[in-house]
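One letter stands for each residue in the lines below.
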Amino acid sequence: MQRQRPSDAGCSRLCVWFAGLALALAMPRPALPQGDSGYLPLRAAFHVHSSFSTGAQSLEEIAALARSRHVDVVILGDPDILSVQYGAPFLRRLLRFGRQERAVLSDYSAAAYLAEIERVNAAFPGVVLVDGMESAPFYYWEVDALAGRWVVHNWNKHLVSVGLGRPEFYRRLPVIDSGNLGVWHWTSLLALWPLLGLAYGWVARRRHPRWVLYPVMGIAVLALVNNFPFTVPLWDAYHGDLGAAPYQRYIDYVRERGGLVFWAHPESRSTLPPVELLGGRVRVTSQTSPHAEDLLNTDRYTGFAALYGDRAVAVEPGGVWDQTLRQYLDGERPRPVWGVGEADYHGEDPARHLRLDDILTVVWARQPTAAAVLEALRAGRCYAVRGADSWLTLDGFTVSTRLGQGETGATVPSAGQVRVHATVGRYDGGAEPVEVRLVRGGQVIERLSGTTPFTVGRVEAALAPGEKTWYRLLVQTPSSRLVSNPIFAVAEAP
Ligand SMILES: [Zn+2]
């Protein structure tokens, strides 16, 4: 999560409005090519923060801005809870220190959030808001009290769940500090330990002096209150690194309820600045390293941020993404992983070139509705693009054989030659030097350069019997970058 909050929201809104107006006047919207497929290429801003959390604008302001910038879909990603807490040993719940920022579940409610999304959707025809929330399912503390060193690890490992649709599904997301992780287990009995203190007080009430009895019983009562209702959390921040397990559990929770779930900014580092307390005697720092390997360590998620405001090496040929696709084709992973463009939008900031329509996911949907957008994302019928005023577009990216033809996300049965076709252009129709890398099975098989609009056409020899592979595109111009999703080609076993 990157954070930028304008110091003067009023001015910022006005600037945004003027900028939006200027853009709308200067840039008539080109007709969207619907193509033979019948799909509409809808431009979606994915992972958008509003004033329900750390974003600068209300949902209504975001919808108005989206309309003026020809952004058809806004996929929200306001955090459920934005909190880091350290609980003192033995009184983890009662005696806590930490930091909390505005977020949907802690400051509003899932029901209020969904109701406002519905209201704004009705008020802004032509813009589709899709419900979503960002979560930090887990973090853990590494404490060296003697050295005054408190380190919170992995707080910036974030997942975005999309399209859960029902307030209770969001309310019960299995994330740390949510109160949703408590279960009764035989070890709950251990949480009854303060009863020993009370028992001692009762047994020793006539024999021991009050100055011993009262503090012991006082501590026992406090601990009893702290431990109530005697559940044991599935995970907490005090048992070190739990690896992929909390994230996998979150992913499975969302998938079982029909939602989509994406790894956000997998190669970002920590965004929390260090804090010094007690005159510098205690230093609290946050550490999250780039964590693209989590794409390999977890499965069943829908996709990940393949393009966002930070470096993204996972999409390079043969990188982590291609490794997941190989695992999928080898039967080691139940479903493929799709790439999306992630805005991680908190508000516009011209000085930092931050705008709603810079990093987009273009979704090929059957209709301009939330359900159709979710269906396309689930199927991998989308691509990621970045480039402010000179976005690249991808048209007619197909793989065809004599047995069939498919677009991104599809699996094409293969026999005989394999034909790869795509047209790359600029959204405004302009001409610009372009470089295209065609990736097959994790390797660049062709590097093409030319000028937009540019057509990629390649005829490949037949796959070997039983061979399974994929084709995808990485496109670059001086001002824009595009990452396509893969198209699979599978030859019949001999
Ligand atoms: Zn984030």
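Just above sits the structure.
In this report, the structure presented in the accompanying data block is examined.

### Looking at the packing of helix H6 (residues 194–203) against helix H7 (residues 210–227)
Thought 1: In contact at an axis separation of 8 Å, H6 and H7 are set at 150° when each is read in the N-to-C sense. Classified by the angle between their axes, H6 and H7 sit roughly antiparallel to one another. For the pair H6 and H7, the crossing hand works out as left-handed. On the side of H6, the interface is formed by Pro194, Gly197, Leu198, Tyr200 and Gly201, while H7 contributes Leu213, Val216, Met217, Ile219, Ala220, Ala223, Leu224 and Asn227.

### A word on the sheet that holds strand S21 (residues 404–406)
Thought 1: Spatial strand order, S21-S20-S23-S26: 4 strands in an open sheet with antiparallel pairing. Every other strand in the sheet has two partners, leaving S21 and strand S26 (454–460) as the edge strands with one partner each. Sheet twist, expressed as the mean angle between neighbouring strand axes with direction ignored, is 15°.
Thought 2: Bridging between strand S20 (residues 392–401) and S21 involves 3 bridges; their strand directions are antiparallel. The residue bridging threonine 401 from the neighbouring strand is glycine 404, located in S21.

### Quick look at the packing of helix H2 (residues 59–68) against helix H4 (residues 110–123)
Thought 1: Following both chains from N to C, one finds H2 and H4 inclined at 35°, their axes separated by 10 Å at the closest point. Crossing of H2 against H4: the hand is right-handed. Packed against H2, whose contacting residues are Leu59, Glu60 and Ala63, the element H4 presents Glu116, Ile117 and Val120 at the interface.
Thought 2: For the contact of H2 with H4, a count of residues per class yields 4 nonpolar, no polar and 2 charged.

### Some points on the pairing of strand S10 (residues 159–162)
Consecutive residues of a regular strand have side chains that alternate between opposite faces of the sheet.
Thought 1: Taking every second residue as pointing to the same face, both faces of S10 are buried, with Leu159 and Ser161 on one and Val160 and Val162 on the other.
Thought 2: As defined by bridge partners, strand S7 (residues 132–135) adjoins S10 across 4 bridges and the pair is classed as antiparallel. Opposite serine 135, over in S10, you have leucine 159 as the bridge partner.
Thought 3: As judged from the 4 bridges shared by S10 and strand S13 (residues 260–263), these two strands associate in the antiparallel manner. By the bridge assignment for S13, valine 162 is matched with leucine 260.

Reading guide: rules and limits
Residues numbered from 1 in each chain as written. Predicted model: local features only at pLDDT ≥ 70, side-chain atom pairs only at ≥ 80, totals over all residues. Axes fitted to C-alpha atoms, helices over the stretch in contact; angles between N-to-C directions. Helix = DSSP H or I, 4+ residues; strand = E, 2+ residues; numbered from the N terminus. Parallel < 35°, antiparallel > 145°, perpendicular 65-115°, else oblique. Left-handed = near helix turned anticlockwise from the far one by under 90°. Contact = placed C-beta atoms within 7 Å. Pairing = 2+ DSSP bridges. Nonpolar A, V, L, I, M, F, W, Y, C, P; charged D, E, K, R; others polar. Buried ≥ 20, exposed ≤ 12 C-beta atoms within 10 Å, placed from the backbone.

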